[in-house]
Amino acid sequence: MSRMRVAITKKPAESGARSAPAGELKTACIRTFGCQMNVHDSDRMRRMILDAGLSEVQDYESADLVVLNTCYVRENAVDRVRGHLGQLNRLRREGKVKKIALTGCIGAAEESAELKEQYGIDLVLGTHNTYELAEFIGLPTMRETYTPNLPGVEGRHSAFVTIMTGCNYRCSYCIVPAVRGRMICRSMDDVLEEVQRLTAGGTEYITLLGQTVDAWRESGKRFADLLKRVAEIAPRVWFTTSHPSNMEDRTLRIIGESPSIVKRLHLPVQSGSDRMLKMMHRGYKSDRYRRKIEVFREEVADGTLSTDIIVGHPGETEEDHEATLRLVEDCRFDTAYIFKFSPRRGTEAAEMPDRVPDEVVQRRFLEVLRAVEQNALRQNRDKIGSIEEIFIREGRTRNGRAIGETWSGHAVHVPAEAEPGSYVKARIESAGPHVLYAGEPAN
Ligand code: 5AD
Ligand code: SF4
């Protein structure tokens, strides 16, 4: 087959990739799990699928090829994927789905061999060789064509731009360094060129992406320099995820000063206890985190703050948990993503003694959740009565409201037919812990 020509660019022994018979695959469905890095990788695979002449469908039943682009961060992620694999196998027996590909972080993990065997998966790819999907679907492609340096597909109004991949930290609980590898930064020129191209093509909203986005650097230049340049080009900018040890005061000042940057900071803290932070190898103490937040509040008037918190890491005592509750009170987060510790095979924490019993984890989880939500609700209520300029995003709520975002980074529901990508001005009329509700737009 002519595809043999391209076989020299791949390493079959590593990936176990088998090419699909030409012409057999006409439709493909990509299902994405997990973080925005995965959303971005899915965009890249979508481009390959469209380039290969397949059309994208949204449901498994009408797909010849199903790509599950997976997340491995927490254990239930694997359980969820197992559920999907079971369903896909049934459809394959009924002659519907023809090929199944498993990509992303589970694909890069040891457990993927077991899943491949059990569910007869046709193609398993990690996060570093997603470009091999191209060959699988019959594209005469080369390795370089779909490397991380390549831009993602433009959304109509918003786009993700990956500025770094991988992570140089070694947090005790985290599988990311094992599956995504060490940090690789894209060059500033490359990033700016992509941002320029996207905005020239009408993209309104650019989100800079990376596992530790603020660790970006290039020969003396740091993340703050890159952010400033991007904010001069794009009409609306955000970035995620940051690491407290890399977050410079200069970056916080730029967020406050730049009219195009959404004033929301996502800065995962993980725990409020210095003892736990040390055990997790986070590289900072809780007071240093608090000081960063003070600077953020000073520099970014009306900004919103979100974080990630893990409850029940091995060895977490009641005292450690109380320190987390105190930090939640002090930092007044607007949103927190709270995770129950989940042991990931291959991480240091999975081997640690002193596991916290499930019922204790559950209670602590609820206590942290309650503290965050009470605070968020109080702060959101303070917004009632204010007139906000709201950026309308894609998608609608179940009851037909447009979904938008204020410049302060609050999510807002708007009762209007507003066009995605446009701005409306509206008064905030009520608030819940997670979202603000606007009245009819004034414009
Ligand atoms: N268990 C629970 N939460 C985890 N996270 C990462 N690994 C684990 C784990 N093993 C959480 C962290 C991280 C977020 C993306 O997921 O809070 O910031
Ligand atoms: Fe994982 Fe820690 Fe790296 Fe974040 S900084 S991706 S939690 S190892």
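Residues numbered from 1 in each chain as written. Chains lettered and ligands numbered in written order. Predicted model: local features only at pLDDT ≥ 70, side-chain atom pairs only at ≥ 80, totals over all residues. Heavy atoms only, no water.

A. Main features of the state of the cysteines. On inspection of all chains with the given rule, the structure shows zero disulfides. Just so you know, Cys105 is unpaired, no disulfide at all, and the nearest cysteine sulfur is the one on Cys71, 6.2 Å from it. (Disulfide = S-S within 2.5 Å.)

B. Layout of the site of ligand 1. Around ligand 1, the structure places Val73, Arg74, Tyr173, Gln270, Asp308, Ile310, Phe339, Lys340, Phe341, Ser342 and Arg344. One of the side-chain nitrogen or oxygen atoms of Gln270 is found 2.7 Å away from an oxygen atom of ligand 1. At the level of secondary structure, the elements contributing two or more residues to the shell around ligand 1 comprise strand S14 (304-311) and strand S15 (335-340). The residue makeup of the shell around ligand 1, split by class, is five nonpolar, two polar and four charged. (Near = heavy atom within 4 Å. Polar contact = N/O pair within 3.5 Å; in protein donor to acceptor, adjacent residues only side chain to side chain. Helix = DSSP H or I, 4+ residues; strand = E, 2+ residues; numbered from the N terminus. Nonpolar A, V, L, I, M, F, W, Y, C, P; charged D, E, K, R; others polar.)

C. Representation of the sheet that holds strand S9 (residues 205-209) within the structure. In spatial order, the strands read S6-S9-S12; together these three strands make up an open sheet with parallel pairing. Pairing within the sheet leaves two strands with one partner each, and these edge strands are strand S6 (158-162) and strand S12 (236-240). Each strand axis lies, on average, 25° off the axis of its neighbour in the sheet, ignoring direction. Bridge count for S6 against S9 is five bridges, and the pairing is parallel. When the bridges of S9 are listed, Ala159 appears paired with Ile206. The strands touched by helix H9 (residues 223-233) are S9 and S12; relative to S12, the strand with the most contacts, the crossing angle is about 155°. (Pairing = 2+ DSSP bridges. Axes fitted to C-alpha atoms, helices over the stretch in contact; angles between N-to-C directions. Contact = heavy atoms within 4.5 Å.)

D. Focus on unusual backbone geometry. For the bond from Thr240 to Thr241, the omega torsion is 0°, close enough to zero to count as cis. Within the fold, Thr241 resides in the loop between S12 and helix H10 (249-257). One non-glycine residue, Gln270, adopts positive backbone phi at about 75°. One can find Gln270 in the loop between strand S13 (264-266) and helix H11 (274-279).

E. Quick look at helix H14 (residues 358-381). Helix length check: H14, at 24 residues, gives a terminal C-alpha distance of 34 Å against a target of 34 Å (1.5 Å per residue), a fit within 8%. Those residues of H14 not exposed but buried are Val360, Val361, Arg364, Phe365, Val368, Ala371, Val372, Asn375, Ala376, Gln379 and Asn380. On its buried face, H14 sits against S14, helix H13 (318-331), S15, strand S19 (423-431) and strand S20 (436-438). (Expected span 1.5 Å × (residues − 1). Buried < 20%, exposed > 50% of the residue type's maximum accessible area, 1.4 Å probe, protein only.)

F. The arrangement of a positive patch on the surface in detail. Taken together, the side chains of Arg170, Arg182, Arg217 and Arg222 define a basic patch exposed on the protein surface. Structurally, Arg182 is set in the loop between helix H7 (176-180) and strand S8 (184-185). Among the residues examined, Arg182 registers a relative accessible area of 52% and is labelled exposed. (Patch = residues over 30% accessible without salt bridge, like charges linked within 9 Å, V, L, I, M, F, W, Y side chains within 5 Å. Areas by Shrake-Rupley, 256 points an atom, 1.4 Å probe, with all protein chains shown as cover. Salt bridge = Lys/Arg side-chain N within 4 Å of Asp/Glu carboxyl O. Lys, Arg positive; Asp, Glu negative; His and termini not counted. Charge placed at Lys NZ, Arg CZ, Asp CG, Glu CD.)

G. Up close: the nonpolar core. Ranked by size, the top nonpolar core spans 56 residues in total, and within it Ile163, Leu208, Leu227, Phe239, Leu265 and Tyr289 carry the most contacts. Beyond its immediate stretch of four places on either side in the chain, Leu208 contacts Val161, Ile163, Val213, Phe223, Leu227, Val230, Trp238, Phe239 and Thr240. Formed by 26 residues, the second largest nonpolar core is a distinct cluster that contains Val66, Cys71, Leu85 and Val179. (Core = buried A, V, L, I, M, F, W, Y, C linked by side-chain atoms within 4.5 Å.)

H. Examining the pattern of salt bridges more closely. According to the stated counting rule, one finds 25 salt bridges in the structure shown. A salt bridge links Asp122 to Lys99, with the shortest nitrogen-to-oxygen separation between them at 3.7 Å. One end of the pair, Asp122, is in the loop between helix H5 (111-119) and strand S5 (123-124); the other, Lys99, is in strand S4 (residues 99-104), with 23 residues separating them in the sequence. Among the residues examined, Asp122 registers a relative accessible area of 7% and is labelled buried. For Lys99, a relative accessible area of 15% corresponds to the buried category.

I. Structural detail: the environment of Glu94. Here Glu94 shows up in the loop between helix H3 (75-93) and S4. What makes Glu94 exposed here is its relative accessible area of 51%. Taking the C-alpha atoms as reference points, Glu94 and Glu61, separated by 33 residues in sequence, lie 9.8 Å from one another.

J. Quick peek at the sheet that holds S5. One open sheet holds the five strands; their spatial order is S2-S1-S3-S4-S5, and the pairing between them is parallel. The open sheet terminates on both sides in strands that have one partner only, identified here as strand S2 (55-56) and S5. As judged from the six bridges shared by strand S3 (residues 65-70) and S4, these two strands associate in the parallel manner. Bridge pairing links Leu65 to Lys99 in S4.

K. Spatial organisation of the confidence of the model for the protein chain. When the pLDDT values of the protein chain are averaged, the result is 86; 90% of them are 70 or greater. Note that pLDDT drops below 50 for residues 1-22; the model gives that stretch 38 contacts with residues more than four away or on any other chain. Contacts for the low-pLDDT stretch residues 141-154, under 50 throughout, to residues beyond four places or in other chains number 40 contacts. (pLDDT = per-residue confidence, 0-100.)

L. Representation of the packing of H13 against H14 in the model. H14 packs onto H13 with a crossing angle of 15° between their chain directions and a minimal axis gap of 9 Å. It follows from the interaxial angle that H13 and H14 lie roughly parallel. Here H13 and H14 pass one another in a crossing that is right-handed. Residues Glu318, His321, Thr324, Leu325, Val328 and Glu329 of H13 touch H14, and the partners they reach there are Val360, Arg363, Arg364, Glu367, Val368, Ala371 and Val372. Partitioning the contact of H13 with H14 into residue classes produces six nonpolar, two polar and five charged. (Parallel < 35°, antiparallel > 145°, perpendicular 65-115°, else oblique. Left-handed = near helix turned anticlockwise from the far one by under 90°.)

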